[in-house]
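Per-entry structural report
Below are the chains, spelled out letter by letter.
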Amino acid sequence: MSHYFAERAISVAIYALIAFVFCNHLTKKDANIGRTLFLLTLTLSTLAYFVQPAPTMDLYRLWITADEYNRYSIMEMITSIFSGWSSPLGLVYVCLISRFNHHLLPAITVYLFYSNIFYIIKDYWKKHEISKSSVAVVLLFFLSRGVYGELISGIRSMLAFSFVARCIYDEIYNKKSIIWNVPIYVIAALFHSSSMGAIAIWFVMKIIFDQKGWKKIISLFMCIAFAAVFYSKWGNIVTRNLNVGLERILGGDSYSYAWEFAFNTFYMLISLNLLWTTIRRFVLSEEGTRMRRLTTIFYCVAIICISSYSIYHRFISFVSMFSLPVMVESINTCEVEKRYISVRNLLVLSIIMMGLSCLKGNLNGIKFFIL
């Protein structure tokens, strides 16, 4: 069986080069943050269209599953999926797009994912006095992980998390009411089971820390009502996901990858060091303080679930999405206070992480062509 070493090496080199070129461009005075991030989204989406998945990748198996369901009419397909799958909406999404073209599935997924992630970065930069170099360093740190490879391979979990991350950002930084995000939470919960747990934790944290007085009571009532309605409609799905989650936490996963486990742990430790140690003498904004607390709590949840590789891995990836604004704020604070060694350290660590991810992480599995 061919391992496609040349194809994979060239593909990850292309990805790394694109990441470095775009991040370097962001540091220029005349760089337009919004336009640059949009072009990066289009570039990564275009590359994703040409991905050739290995038989071991989830994407390869999803294409086969989609072909099986697409023999039926759309309504028969949807009915069958919702009656037997714990993440029904995600599989419906996979099947519907695959009806037109298999390669559109990773391309559209990458476009939606990075549109959400870059919305968070762009919106935060527009509304705060943040240097472009701070944005560039944090963006490179995010791109240096294997999220791109995992997104293309798994499709559903990372995409669902990106929508939840965007909702969390809007509710903390833009003071958006949770009511407007309820439809997105429902879609994300049905899109992949892992996002269901993340949403539940976010709701609990929101009630405990973000509301006071009568607002806390109203939020509590709304969350209970939301949970009751959701369970009344999709209680069997909730039960299946709870059972699977408990089995994974208590018994562990059948699959794990030591290198990606190490990279995620490395990312978590760097993030916590930046947020709690590097800037301990400086005051974050009110939103930044709330986001730092939320980031820490989710990391603690990930550590509690460390016996399950999939939960641990996915939750750290999720934190890396919604914590981007406070990471940017922290690096910008270091620049303002002339603590350039902290900025330089993160840049060096990002380059190291990129190299390791391309050699041994999830990025190593991508190939855009076969020679």
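Please read these numbers as outputs of a predicted model, since none were measured by experiment.

**Section: the pattern of salt bridges**
- Taken as a whole, this structure holds four salt bridges when the rule is applied.
- Here Lys127 and Asp123 are joined by a salt bridge, their closest N and O atoms 3.2 Å apart. Here Lys127 and its partner Asp123 are both found in helix H6 (residues 104-127), four residues apart, which amounts to about one turn of the helix.
- Salt-bridge contacts for Lys175 lead to Glu287; the nearest nitrogen and oxygen are separated by 3.3 Å. Remark: Glu287 occurs in helix H14 (residues 286-304) and Lys175 occurs in the loop between helix H9 (156-173) and helix H10 (178-191); sequence separation between them is 112 residues.
- Take Lys175: its relative accessible area is 48%, and that puts it in the partly exposed class.
- Using a relative accessible area of 16% as the deciding quantity, one classes Glu287 as buried.

**Concerning the state of the cysteines**
- By the definition in use, this model includes zero disulfides.
- Distance from the sulfur of Cys300, which forms no disulfide, to the nearest cysteine sulfur (Cys305) is 11 Å.
- The thiol sulfur of Cys334 is not disulfide-bonded, and the nearest other cysteine sulfur, from Cys23, lies at 18 Å.
- Since its relative accessible area comes to 0%, Cys334 is described here as buried.

**Looking at the packing of H14 against helix H15 (residues 309-322)**
- Relative to each other, H14 and H15 sit at 170°, their axes nearing to 9 Å. Classified by the angle their axes make, H14 and H15 are roughly antiparallel. Contacts between H14 and H15 pair Met291, Leu294, Thr295, Phe298, Tyr299, Val301, Ala302 and Ile303 from the former with Tyr312, Phe315, Ile316, Phe318, Val319 and Phe322 from the latter.
- Looking at side-chain class alone, the contact of H14 with H15 contains 13 nonpolar, one polar and no charged residues.

**Section: the nonpolar core**
- Phe113, Tyr114, Phe142 and Tyr148 are the most contacted members of the largest nonpolar core, which has 124 residues in total.
- No other element matches H9, which puts 11 residues into this core.
- Those residues in contact with Phe113 that sit more than four places away from it in its chain are Phe142, Val147, Leu151, Met158, Leu159, Ser162 and Met321.

**As for the side chain of Asn181**
- Considering the arrangement of structural elements, one finds Asn181 in helix H10.
- With relative accessibility at 1%, the residue Asn181 sits in the buried group.
- Side-chain polar atoms of Asn181 contact the side chain of Glu171, separated by 2.8 Å.
- In this structure Asn181 touches Cys167, Glu171 and Lys176, once residues within four positions along its chain are discounted.

**Quick word on a nonpolar patch on the surface**
- Residues Phe38, Leu39, Leu42 and Tyr111 make up a contiguous nonpolar surface patch of roughly 340 Å² in combined accessible area.
- With three residues, the top contributor of residues to the nonpolar patch is helix H2 (residues 33-49).
- Turning to its location among the elements, Leu39 is positioned in helix H2.
- With a relative accessible area of 42%, Leu39 lands in the partly exposed category.

**Observations regarding unusual backbone geometry**
- Even without being a glycine, Ile155 presents a positive backbone phi close to 65°.
- Mapped onto the elements, Ile155 comes out in the loop between helix H8 (147-154) and H9.
- A residue is classified by how much of its surface remains accessible, and Ile155, at 1% relative accessible area, is buried.

**Brief notes about the packing of aromatic side chains**
- Taken as a whole and assessed by the stated rule, the structure comprises 20 aromatic pairs.
- For the pair Phe113 and Tyr114, a centre-to-centre distance of 4.8 Å together with 85° between the ring planes defines the contact as edge-to-face. Each member of the pair, Phe113 together with Tyr114, is buried.
- Between the aromatic rings of Tyr114 and Tyr148, the centroid separation amounts to 6.3 Å while the plane-to-plane angle is 45°, which identifies the pairing as tilted. Remark: Tyr148 occurs in helix H8 and Tyr114 occurs in helix H6; sequence separation between them is 34 residues. In terms of burial, Tyr114 and Tyr148 fall into one category: buried.
- Through a chain of ring-to-ring contacts, the aromatic side chains of Tyr15, Phe113, Tyr114, Phe118 and Tyr148 assemble into a single cluster.
- Seen from the ring of Tyr267, Arg145 lies directly overhead, with NZ or CZ sitting 4.8 Å from the centre.
- One Lys or Arg, Arg166, reaches over the ring of Tyr119 and ends 3.8 Å from the middle of that ring.

Rules of the game
Residues numbered from 1 in each chain as written. Predicted model: local features only at pLDDT ≥ 70, side-chain atom pairs only at ≥ 80, totals over all residues. Heavy atoms only, no water. Salt bridge = Lys/Arg side-chain N within 4 Å of Asp/Glu carboxyl O. Helix = DSSP H or I, 4+ residues; strand = E, 2+ residues; numbered from the N terminus. Buried < 20%, exposed > 50% of the residue type's maximum accessible area, 1.4 Å probe, protein only. Disulfide = S-S within 2.5 Å. Axes fitted to C-alpha atoms, helices over the stretch in contact; angles between N-to-C directions. Parallel < 35°, antiparallel > 145°, perpendicular 65-115°, else oblique. Contact = heavy atoms within 4.5 Å. Nonpolar A, V, L, I, M, F, W, Y, C, P; charged D, E, K, R; others polar. Core = buried A, V, L, I, M, F, W, Y, C linked by side-chain atoms within 4.5 Å. Polar contact = N/O pair within 3.5 Å; in protein donor to acceptor, adjacent residues only side chain to side chain. Patch = residues over 30% accessible without salt bridge, like charges linked within 9 Å, V, L, I, M, F, W, Y side chains within 5 Å. Areas by Shrake-Rupley, 256 points an atom, 1.4 Å probe, with all protein chains shown as cover. Phe/Tyr/Trp six-rings, centres within 6.5 Å; stacked < 30°, edge-to-face > 60°. Lys NZ or Arg CZ within 6 Å of the ring centre and 35° of its normal.

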